[in-house]
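# Coordinate inspection notes
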Amino acid sequence: MIGLLGKKIGMTRIFNQKGQHVPVTVVELGPCHVVDVRTLERDKYRAVQLGFGDIREKLVTKPRAGHFKKAGIAPARWVREIRDMDPESVKIGEALSCDIFKEGDRVKVTASTKGRGFQGVMKRHGFHGAKASHGAHEVHRHGGAIGAHTDPGRVWKNTKMPGRMGGDQQTVKNLEVVRVDTEANLVMIKGCVPCPAGSFIIVRKG
């Protein structure tokens, strides 16, 4: 498993060799420095800890600052572990760039969806709503009855109701890498990914 940390820049479109219009998401990937490695002998699992993004030193806690100092790198804004990445293939302090991806690769993207706050059932779950006439009064966007009979006499768990929408971690698989710009550390992925522009993102092969 190979992956990098990055940031979503936004969406645009490009034209392939056939002249077809392809919508793409532009992602800034790397350079990511190796902060630490996890081994089976010491940590009981295999992973590589990566850091990405600049941050002011005054915003870094002393324990985390010491962690970066031990690795010999500058503090990073985001630190995440990529599981099942071979620890022996990298060295602590090494910088990984987007050249590990190439056009045609299939990747999976993990990010947090756009938070939309407290929403009703029509927007959150796609309910149709009530009638617009024939006695309907101030219930046009309501969800209807949620109660049951005397038995069980309660509302079932996981009933679709209004509530907080978005802001959840989501992974989209089998996305295609369309173009890689190693000079600018940009990777263009076909289609959309689940987060707003400027958000933290993890892109992994497989």
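As the structure is a computational prediction, the values presented were derived from the model and not from experiment. (Residues numbered from 1 in each chain as written. Predicted model: local features only at pLDDT ≥ 70, side-chain atom pairs only at ≥ 80, totals over all residues. Heavy atoms only, no water.)

### Details of the overall build of the protein
- Helix and strand counts for the protein come out as three helices and 12 strands.
- Computed over its C-alpha atoms, the radius of gyration of the protein comes to 23 Å, more than 25% above the 17 Å expected for a compact globule of 206 residues.
- Taking all 206 residues of the protein together, 33% fall into the buried category.
- Long-range pairs, those at least 24 residues apart, make up 71% of the contacts in the protein with a sequence separation of at least 6.
- When the accessible surface of the protein is totalled, it reaches about 13300 Å², and 49% of it is carbon and sulfur.
- One finds the centroid of the 36 positive side-chain charges in the protein at a distance of 8 Å from the centroid of its 20 negative side-chain charges. (Helix = DSSP H or I, 4+ residues; strand = E, 2+ residues; numbered from the N terminus. Rg over C-alpha atoms; globule rule 2.2 N^0.38 Å. Buried < 20%, exposed > 50% of the residue type's maximum accessible area, 1.4 Å probe, protein only. Contact = heavy atoms within 4.5 Å. Areas by Shrake-Rupley, 256 points an atom, 1.4 Å probe, with all protein chains shown as cover. Lys, Arg positive; Asp, Glu negative; His and termini not counted. Charge placed at Lys NZ, Arg CZ, Asp CG, Glu CD.)

### Considering the environment of lysine 173
- Relative to the elements of secondary structure, lysine 173 occurs in strand β10 (residues 169-181).
- As a C-alpha pair, lysine 173 and alanine 76 span 97 residues in sequence and 27 Å in three-dimensional space.
- In contact with lysine 173, not counting residues within four places along its chain, are Val107 and Lys108.

### Quick word on a nonpolar patch on the surface
- A cluster of nonpolar residues, Ile146, Val155 and Met161, forms a patch on the protein surface that exposes about 220 Å² of accessible area.
- With respect to the element layout, isoleucine 146 can be found in the loop between α3 (121-125) and β9 (163-165). (Patch = residues over 30% accessible without salt bridge, like charges linked within 9 Å, V, L, I, M, F, W, Y side chains within 5 Å. Salt bridge = Lys/Arg side-chain N within 4 Å of Asp/Glu carboxyl O.)

### A closer look at the packing of aromatic side chains
- Applying the stated criterion across every chain yields a total of two aromatic pairs.
- Ring centres of phenylalanine 52 and tryptophan 78 lie 6.0 Å apart, and the angle between their planes is 10 degrees; this geometry places the pair in the stacked category. Taken together, the positions of phenylalanine 52 in strand β4 (residues 47-52) and tryptophan 78 in strand β5 (residues 78-83) put the pair 26 residues apart, joining distant regions of the chain. No difference in accessibility class separates phenylalanine 52 from tryptophan 78, as the two residues are buried.
- One aromatic cluster is present, built from ring pairs that chain together Phe52, Trp78 and Phe200.
- Above the ring of tyrosine 45, the side-chain terminus of arginine 83 is found at 4.1 Å from the ring centroid. (Phe/Tyr/Trp six-rings, centres within 6.5 Å; stacked < 30°, edge-to-face > 60°. Lys NZ or Arg CZ within 6 Å of the ring centre and 35° of its normal.)

### Notes on the pairing of strand β11 (residues 186-190)
- Relative to β11, strand β2 (residues 21-29) runs antiparallel, the two being bridged by five bridges. Its bridge partner being in β11, glutamate 28 is matched across the sheet by leucine 186.
- Note: β10 against β11, four bridges, orientation antiparallel. Directly across from aspartate 181, in β11, lies its bridge partner leucine 186.
- Counting the residues in the hairpin turn of β10 and β11 gives four residues, including asparagine 185, whose phi is positive at 60 degrees. (Pairing = 2+ DSSP bridges.)

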